[in-house]
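Analysis of the macromolecular model
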Amino acid sequence: TNAQMPMKATALSLLFIFIFLINISSQYLNYSHYIHNEELSDCDPISPDYCLSPFPNSFWLKINKTRETNLQTRFAQSSFPVDIFGVGIDPEKGGWNDNDGFSPSGPIQFFMSNISIINLPNHDNIEKSLDKDSPLILIDVEEGKKIPFWSELDQSENENKKEGGKMLLIWPAKKLENSKRYVVGVRNLINTYDNSIIQPSQNFIDLRDNKTSSNPDINLRRPLFEDMFQTLAGFGFDRSSLQLCFDFVTGSLSSITGRLTTMRNDSLSRLPSNGVTYTITNITDNSSEFTRRFIEGSMQVPLYLDNSNPGSHLVLDNNVPVFQGFTSVPFVVQIPNSLVQTGKKGRIVQYGHGLFGNRFEIQSTFIQEFANTYGYIMVAVDWWGMCDLDQAAIVKMISLNLTYVKI
């Protein structure tokens with residue numbers, strides 16, 4: 001009898017695992033029934049003022065059983081804005097359709113005319129996003145829980161571009177999880193000029209109120225929206241009060257970070273066993289009251305770009321970065337006075353400069369004083385693709401062809 005007990009326990013455990021896997025598979029299977037998007041148009045009509053509103057949005061997903069999430073993005077060239085020459089982004093050549101979901105870190109956004117933010121959760125009261133009377137809600141469908149966030153109007157928009165023309169941005173207060181479905185609900189948004197309730201688009205009303213529509217973008221998605229309406233109702237968002245709702249699935253970790261982790265793992269395997277090969281090119285002592293030694297040098301690191309100059313691109317084979325040899329990368333090291341004076345060991349801080357900055361930012365008075373105060377050894381390199389040397393290449397890219405925004 002005692003010998004049978006572990007076997008029974010193992011069998012029971014296997015049964016629970018089997019049931020769990022069936023439930024997970026059922027979730028994917030049930031969701032796939034809602035996705036008919038290869039038959040849909042290029043712009044979501046529930047928010048007709050802007051093609052890519054709301055975003056992210058399962059409207060731009062299609063079924064692909066070979067991907068980790070069983071999904072794949074499906075943008076069309078006409079989904080994107082055009083430049084001043086009328087040229088749009090080609091999503092196939094630009095890599096926009098290589099993903100199996102959306103970013104778990106970006107803003108969630110949508111457009112309605114003249115949105116007032118007076119009653120919306122902002123960065124000073126994030127906890128209000130979890131209140132039962134919040135006008136906005138972000139739901140983790142699998143976990144059945146609310147996600148905290150703050151909201152704001154997009155200040156990069158020209159106020160006169162559309163009537164009341166600013167996107168509303170929803171910023172999750174933490175990174176969303178990979179390979180998960182989220183639902184966004186919107187209700188009780190008011191007009192900033194007269195405090196009236198903003199009316200939803202007619203297309204969304206047709207979905208919400210089960211009205212007849214001749215639009216296939218509406219009719220094909222009725223089962224999906226019925227599911228969203230039920231999910232939102234479970235959190236007190238009554239169907240009749242909704243001005244907008246939409247859902248999206250975040251991309252898998254491998255889809256989002258796969259290229260980076262491939263390069264990391266491959267490059268580490270190629271480095272010498274005793275560390276990176278480097279050369280010291282210059283040493284400056286006592287460069288300021290805060291810094292005892294400033295070191296300049298270069299190191300040999302693996303290269304996965306087609307060249308080592310500004311404007312270069314990843315070399316890919318079946319979407320996997322390909323090693324191109326080693327290249328020389330300049331670096332700087334800054335040792336504070338405080339470590340020398342106290343004889344203590346210091347922590348190493350890898351400094352990342354801002355947009356169009358460079359490695360020499362660690363020589364700013366603020367950084368030097370900061371490092372000296374806390375005993376940090378600062379190290380830095382130029383971030384290829386966003387340092388000062390890249391400005392001309394990026395201007396050329398933006399001016400001529402946004403499709404290849406891959407620098």
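The paragraphs below set out a description of the structure included in this document. Numbers given to residues run from 1 along each chain, matching the order in which its sequence is written. Only residues with pLDDT of 70 or above have their local features reported here, since the model is predicted, and side-chain atom pairs are shown and tallied only from 80 upward, although totals for entire chains, interfaces and linings are computed over all residues. Excluded from the side-chain calculation are hydrogens and water; included are all heavy atoms of the structure.

Turning to the overall build of the protein chain, a few remarks are in order. The helix and strand inventory of the protein chain stands at nine helices and 16 strands. Of the contacts formed within the protein chain by residues at least 6 apart in sequence, a portion of 67% connects residues at least 24 apart. Of the roughly 22200 Å² of accessible surface on the protein chain, a fraction of 54% belongs to carbon and sulfur atoms. Secondary structure follows DSSP: runs of H or I at least 4 residues long count as helices, runs of E at least 2 residues long count as strands, and numbering of each begins at the N terminus. We call two residues contacting when some pair of their heavy atoms lies within 4.5 Å. Computed by Shrake-Rupley with a 1.4 Å probe, the accessible areas treat only the displayed protein chains as cover when residues are assessed.

Turning to a nonpolar patch on the surface, a few remarks are in order. Each patch is assembled from residues with relative accessible area greater than 30% and no salt bridge, linking like charges that lie within 9 Å and nonpolar side chains (Val, Leu, Ile, Met, Phe, Trp, Tyr) that lie within 5 Å. Take a side-chain nitrogen of Lys or Arg and a carboxyl oxygen of Asp or Glu: if they are within 4 Å of each other, that pair is a salt bridge. A contiguous nonpolar patch, built from Ile84, Phe85 and Val87 and spanning about 380 Å² of accessible area, is present on the exposed surface. Along the chain, Ile84 falls in the loop between strand E2 (71–73) and helix H2 (91–94).

Right, let's talk about the sheet that holds strand E3 (residues 108–110) for a bit. Hydrogen bonds along the backbone pair up the strands of a sheet, which may run parallel or antiparallel. Note on pairing: two strands pair once DSSP finds at least 2 bridges between them. Judged by pairing direction, the sheet is antiparallel, and its three strands sit side by side in the order E3-E7-E6 without closing on themselves. Each of the sheet's edge strands pairs with one partner strand only, and the pair in question is E3 and strand E6 (149–153). Mean inter-strand twist for the sheet, computed between neighbouring axes without regard to direction, equals 20 degrees. In terms of strand pairing, E3 meets strand E7 (residues 168–172) through three bridges, oriented antiparallel. Residue Ile108 lies in a different strand from E7, and its bridge partner there is Ile170. Interaxial angle, 0 to 180 degrees, is taken between N-to-C directions of lines fitted to C-alpha atoms, where a helix line uses only the stretch in contact.

Before going further, it helps to examine the pairing of strand E15 (residues 347–351). Relative to strand E16 (residues 376–380), E15 runs parallel, the two being bridged by five bridges. Within E16, the position partnered with Arg347 by the bridge is Tyr376. Here, the term right-handed applies to a crossover whose path from the first strand over the helix to the second runs clockwise when the strands point away from the viewer. Where the polypeptide runs from E15 across helix H8 (residues 365–374) and back to E16, its parallel neighbour, the crossover connection is right-handed.

Attention now moves to the packing of aromatic side chains. Ring geometry is summarised as follows: Phe, Tyr and Trp rings, the Trp one being its six-membered ring, pair when their centres sit within 6.5 Å, and such pairs are stacked at plane angles under 30 degrees, edge-to-face over 60 and tilted between the two. One pass over the full model with this rule turns up 23 aromatic pairs. A ring pair is formed by Phe204 and Phe225, whose centres lie 6.4 Å apart and whose planes are at 70 degrees; its orientation type is edge-to-face. Taken together, the residues span a long stretch of sequence, with Phe204 in helix H3 (residues 202–208) and Phe225 in helix H5 (residues 222–233) at a distance of 21 residues. For the exposure calls, accessible area comes from a 1.4 Å probe over protein chains only, and a residue counts as buried if that area is under 20% of its type's maximum, exposed if over 50%, partly exposed in between. Given the relative accessible area of 1%, Phe225 is considered buried. By the ring-pair criterion, three or more aromatic residues cluster together here, those being Phe55, Phe59, Trp60, Phe75, Phe80, Trp96 and Phe102. For the cation-ring pair, Arg270 lies above Phe323, with the distance from its terminal atom to the ring centre recorded as 3.7 Å. Placement of a positive charge over a ring is assigned whenever Lys NZ or Arg CZ falls within 6 Å of the ring centre and within 35 degrees of the normal to the ring plane.

An order of E10-E11-E14-E16-E15 is seen for the five strands of this open sheet, with the pairing classed as mixed. For this open sheet the edge positions go to strand E10 (278–285) and E15, each flanked by a neighbour on one side alone. Sheet twist, expressed as the average angle between the axes of neighbouring strands with direction ignored, equals 20 degrees. Sheet topology note: the strand E11 (residues 291–302)/strand E14 (residues 326–336) ladder contains 11 bridges and is antiparallel. Opposite Thr291, over in E14, you have Pro336 as the bridge partner. H8 rests against E11, E14, E15 and E16 of the sheet, and its axis sits at about 140 degrees to E16.

The term nonpolar core refers to a set of buried residues drawn from Ala, Val, Leu, Ile, Met, Phe, Trp, Tyr and Cys, joined through side-chain atoms within 4.5 Å. The biggest cluster of nonpolar side chains holds 49 residues, and the ones touching the most others in it are Phe110, Ile115, Leu136, Leu138 and Leu189. It is strand E9 (residues 242–249) that contributes the most residues to this core, six residues altogether. Not counting residues within four places of it along the chain, the set of residues in contact with Ile115 comprises Phe110, Leu120, Leu153, Leu168, Leu189, Ile190, Thr192 and Ile198. Core analysis: the next-biggest nonpolar cluster, separate from the first, contains eight residues, Phe294, Val332, Ile367 and Ala371 among them.

With that out of the way, let us pick up helix H6 (residues 253–270). One less than the residue count of a helix, multiplied by 1.5 Å, gives the span that helix is expected to have. The terminal C-alpha atoms of H6 lie 24 Å apart, and with 18 residues this matches the ideal 26 Å at 1.5 Å per residue to within 8%. The sharpest bend along H6 comes to roughly 45 degrees, located at Arg259. Within the sequence span of H6, burial applies to Gly258, Met263 and Ser267. The inward-facing, buried residues of H6 contact E11 and strand E13 (320–321). Two axes are fitted around each residue, one to the seven residues ending there and one to the seven starting there, and the angle between them is reported as the bend at that residue.

Moving on, we get to the pattern of salt bridges. What the rule picks out here adds up to 12 salt bridges. Among the salt bridges present, the one from Lys180 reaches Asp140, with a minimum N-O distance of 2.9 Å. With Lys180 in the loop between E7 and strand E8 (181–187) and Asp140 in strand E4 (residues 136–140), this residue pair connects regions lying 40 residues apart in the sequence. We classify Lys180 as buried; its relative accessible area is 5%. Across the salt bridge formed by Asp285 and Arg293, the nearest N and O atoms sit 2.7 Å from each other. Among the residues examined, Asp285 registers a relative accessible area of 38% and is labelled partly exposed. Taking relative accessible area as the criterion, Arg293 reaches 34% and is therefore assigned partly exposed. The structure contains a network of salt bridges with shared partners spanning Asp140, Glu143, Glu177 and Lys180.

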